[in-house]
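Fold and contact review
Listed here are the chains, written in short residue letters.
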Amino acid sequence: ECDRKTNDCHQHASCTNERGSYSCKCNHGYTGDGIECIYRYDTSCSEIRTKIRRVSGNYAIDPDGHGGVAPFTVYCDMSDKNGVGVTVISHDSESRTHVQGFESPGSYSRDIHYTGASFSQLASLTRVSSHCEQFIKYECYHSMIARGALYAWWVSRDSTKMTYWGGASPGSGKCACGMTTSCADPKYGCNCDANDQVWREDSGLLTDKTRLPVKQLRFGETGTSQYSEQGYHTLGKLKCYGIA
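Throughout what follows, the structure given in this document is the object of discussion. Model, not experiment: these values are computed from the prediction. (Residues numbered from 1 in each chain as written. Predicted model: local features only at pLDDT ≥ 70, side-chain atom pairs only at ≥ 80, totals over all residues. Heavy atoms only, no water.)

**A word on the sheet that holds strand β14 (residues 216-219)**
Pairing within the open sheet is antiparallel, and its four strands lie in the order β9-β14-β11-β12. Bordering the open sheet on either side are β9 (108-111) and β12 (161-162), each of which pairs with just one other strand. Sheet topology places strand β11 (residues 153-155) next to β14; three bridges connect them, and they run antiparallel. Across the sheet, V155 pairs through a bridge with Q216, a residue of β14. (Pairing = 2+ DSSP bridges. Helix = DSSP H or I, 4+ residues; strand = E, 2+ residues; numbered from the N terminus.)

**Here we look at the environment of W199**
Structurally, W199 can be placed in strand β13 (residues 199-206). Sequence separation between W199 and C240 is 41 residues; the distance between their C-alpha atoms is 32 Å. Residues in contact with W199, not counting those within four places in the same chain, are E139, C140, Y141, Q230, G231 and Y232. (Contact = heavy atoms within 4.5 Å.)

**Looking at the state of the cysteines**
Taken as a whole, this structure holds six disulfides when the rule is applied. One disulfide bridge connects C45 with C76, the sulfur atoms lying 2.0 Å from each other. Between C45 and C76 the sulfur-sulfur dihedral comes to about -80°; the bridge is accordingly left-handed. With C45 in helix α1 (residues 45-50) and C76 in strand β6 (residues 72-77), this residue pair connects regions lying 31 residues apart in the sequence. With respect to class, C45 is no different from C76; both count as buried. In this model, C132 is linked to C240 through a disulfide, with the two sulfur atoms separated by 2.1 Å. (Disulfide = S-S within 2.5 Å. Buried < 20%, exposed > 50% of the residue type's maximum accessible area, 1.4 Å probe, protein only.)

**Remarks on the nonpolar core**
In globular proteins that are soluble, nonpolar side chains generally tend to be buried together. Formed by 38 residues in total, the largest nonpolar core has its most connected members in W154 and V214. Broken down by secondary-structure element, the contributors of at least two residues to this core are α1, β5 (57-61), β6, α2 (119-128), β10 (131-141), β14 and β16 (238-241). No other element matches the four residues that β10 contributes to this core. By size, the runner-up hydrophobic cluster in this structure holds eight residues, among which are C9, A13, C15 and C24. (Core = buried A, V, L, I, M, F, W, Y, C linked by side-chain atoms within 4.5 Å.)

**Some words on the pairing of strand β1 (residues 13-18)**
With six bridges joining them, β1 and strand β2 (residues 21-26) adopt antiparallel strand pairing. Following the sheet pairing, A13 is matched in β2 by C26. Connecting β1 to the antiparallel partner β2 that follows it, the hairpin turn spans two residues, and R19 within it adopts a positive phi of roughly 55°.

**Describing α2**
Every buried residue of α2 is accounted for by Q121, L122, A123, S124, L125 and T126. Packed against the buried residues of α2 are β5, β6, β7 (86-89), β10 and β16.

**Regarding the side chain of S93**
With respect to the helices and strands, the residue S93 is situated in the loop between β7 and β8 (97-99). A distance of 3.0 Å separates polar atoms of two side chains, one belonging to S93 and the other to D92. In this view, S93 contacts R110, D111, I112 and L235; residues no more than four positions away in its chain are not counted. (Polar contact = N/O pair within 3.5 Å; in protein donor to acceptor, adjacent residues only side chain to side chain.)

**Quick notes on the side chain of S129**
With respect to the element layout, S129 can be found in the loop between α2 and β10. Owing to a relative accessible area of 1%, S129 belongs among the buried residues under this scheme. Apart from the residues within four sequence positions on either side, S129 is in contact with K209, C240, Y241, G242 and A244.

Here it is as structure tokens:
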């Protein structure tokens, strides 16, 4: 029992009256017996995994704890990355999508909407995670990414135009093949920059968690019908794991 006037309960509990009997009840968002109350949300799937909850599925998390952004539901993959507990966020642009008829640099624009989470909530997830990644791919036919000028790019969660592609170092202005000088035309930093009538691909993981997730995709150089310029973009789910 407790005294409703003095509220002599745990700091996160209140003295409530149920059918004439006063007792301590944990406040919303907390769980326990009212004498001891624990915040009910974990920060990420990796933290959930530390509690030996090995079953993959949907869980509610709150990366920045009580009082910050609201808790949100994610998918926890307890088998990926050797079972460390990977937090997975889906979005509406995961399907392979055709791009054609957009000639000016970046004139094609695709906004990315993440399932059940805002960018501020996702930013809080990246801060508490030691690693985050997102797969990005562009399949191109006579369509360039960055040959002489920037034709295609992605936009970070803070609306910054990012000039490198998946698998390359941030700020390099290259694709993955450019890091190993193994591109189709070694004079350039991306396979697509060969700019020929052959289907080519530039793809890889984006891993700078301070910039993830991807907010928007931009493409151009797909407007010349003489060469049938075109491409396909694919963007993977956001995945975060580890405890920062």
